Amino acid sequence: MTNLTRLTAVLASVVPALGAAISVDGPADLPKIKSITYSGSGCIKDPAYSGNLNDPTFTYSNFAASFPGTSQTLNCEVHITLTGGTPGWQFALSNNWVKVHVVLPRGACLDYYTQVFFSQNAAKTSTSKASYNNNGGSTVDQTVTLRNNLSGNKVWSGCTGDPGILNVNFRGALSSDTKAYFEAVTENWDIEWRRC
Ligand SMILES: *[C@@H]1O[C@H](CO)[C@@H](O)[C@H](O)[C@H]1NC(C)=O
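If you check an unreviewed UniProt entry, the protein appears there as Secreted protein from Rhypophila decipiens.

This is the structure in structure tokens:
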């Protein structure tokens, strides 16, 4: 064997082992989604949902706010009723990623917030606020992916079997002196699992 073929043989034996290790990061069977509903000014029309609980994508339609106007701030709250799944696991949201299109003149700002809670324990809420500022000299007109990092104060679902109702609210708020705009296009969550 040359060194290269030896290396290839070693890698071939390691990769399946890594694959197996990764799959123990969560339950073999995910909880089932019984229903998804939406509320808020940013999702008058329901977003399209795709993926699964571990990697969901919500595609908005017309989640758009402008200044001046009547909708400088908009939100959409996703409510997911869950049941079942391989017993002994619970999950939390660690990041919310929202792809937006912004048009921000110099000095304008988009503040954005994510709030997460489970209906069975609504007093326990995880929140994150962050801002996208245009401190530059000219208008920013581009698509950017915003992140709300919730890792520091995660809230955990009930254990699989009865995970409960997950509520995730995303809100964007413009502040500007002159014409500004933002539109949320898609939302994606990072989900973490632990044993319970
Ligand atoms: C996300 O938040 C956690 C906990 O506060 C922190 O340790 C981590 O550095 C943050 N990640 C980023 C990329 O800001």
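There is more to say after this.
Here we take up the site of the ligand. Surveying the vicinity of the ligand reveals the residues Arg-147, Asn-149, Ser-151 and Gly-152. In this structure, an oxygen atom belonging to the ligand sits 2.4 Å away from a side-chain N or O atom of Asn-149. For the ligand, whose unbound accessible area comes to 360 Å², protein coverage reaches 33%. Here the residues of the shell around the ligand are counted per class, giving no nonpolar, 3 polar and 1 charged.

Here we take up the pattern of salt bridges. For the structure shown, the criterion picks out 1 salt bridge. Residues Lys-154 and Glu-192 are paired through a salt bridge, measuring 3.1 Å at the closest nitrogen-oxygen approach. Of the two residues, Lys-154 is situated in the loop between strand E8 (140-149) and strand E9 (161-175) and Glu-192 in strand E10 (residues 180-195); the sequence distance between them amounts to 38 residues. The class of Lys-154 is partly exposed, set by a relative accessible area of 23%. A residue is classified by how much of its surface remains accessible, and Glu-192, at 30% relative accessible area, is partly exposed.

Right, let's talk about the state of the cysteines for a bit. Summed over the entire model, instances satisfying the criterion amount to 2 disulfides. In this model, Cys-43 is linked to Cys-76 through a disulfide, with the two sulfur atoms separated by 2.2 Å. Its S-S torsion of about 95° marks the bond between Cys-43 and Cys-76 as right-handed, since a negative value means left-handed. Here the residue Cys-43 occupies a position in the loop between strand E1 (32-39) and strand E2 (48-50), and Cys-76 occupies one in strand E4 (residues 73-84), the gap between them amounting to 33 residues. With respect to burial, Cys-43 and Cys-76 carry one shared label: buried. Cysteine pairing for the protein, with bonded cysteines counted in sequence order: 1-2, 3-4.

As a further point, take unusual backbone geometry. With omega at -10°, the peptide bond leading from Phe-67 into Pro-68 counts as cis. One non-glycine residue, Asn-62, adopts positive backbone phi at about 65°. Among the secondary structure elements, Asn-62 is positioned in strand E3 (residues 57-67).

Now for the sheet that holds E9. Pairing is antiparallel in the open sheet, where 5 strands are placed in the order E1-E4-E9-E6-E7. Two strands bound the open sheet, and with one partner strand each, they are E1 and strand E7 (125-133). Put simply, the sheet's adjacent strands are angled 15° from each other on average, direction ignored. The pairing of E1 with E4 spans 7 bridges and is classified as antiparallel. Note on E4: the bridge partner recorded for Lys-32 is Thr-83.

Criteria and thresholds
- Residues numbered from 1 in each chain as written.
- Predicted model: local features only at pLDDT ≥ 70, side-chain atom pairs only at ≥ 80, totals over all residues.
- Heavy atoms only, no water.
- Near = heavy atom within 4 Å.
- Polar contact = N/O pair within 3.5 Å; in protein donor to acceptor, adjacent residues only side chain to side chain.
- Areas by Shrake-Rupley, 256 points an atom, 1.4 Å probe, with all protein chains shown as cover.
- Nonpolar A, V, L, I, M, F, W, Y, C, P; charged D, E, K, R; others polar.
- Salt bridge = Lys/Arg side-chain N within 4 Å of Asp/Glu carboxyl O.
- Helix = DSSP H or I, 4+ residues; strand = E, 2+ residues; numbered from the N terminus.
- Buried < 20%, exposed > 50% of the residue type's maximum accessible area, 1.4 Å probe, protein only.
- Disulfide = S-S within 2.5 Å.
- Pairing = 2+ DSSP bridges.
- Axes fitted to C-alpha atoms, helices over the stretch in contact; angles between N-to-C directions.

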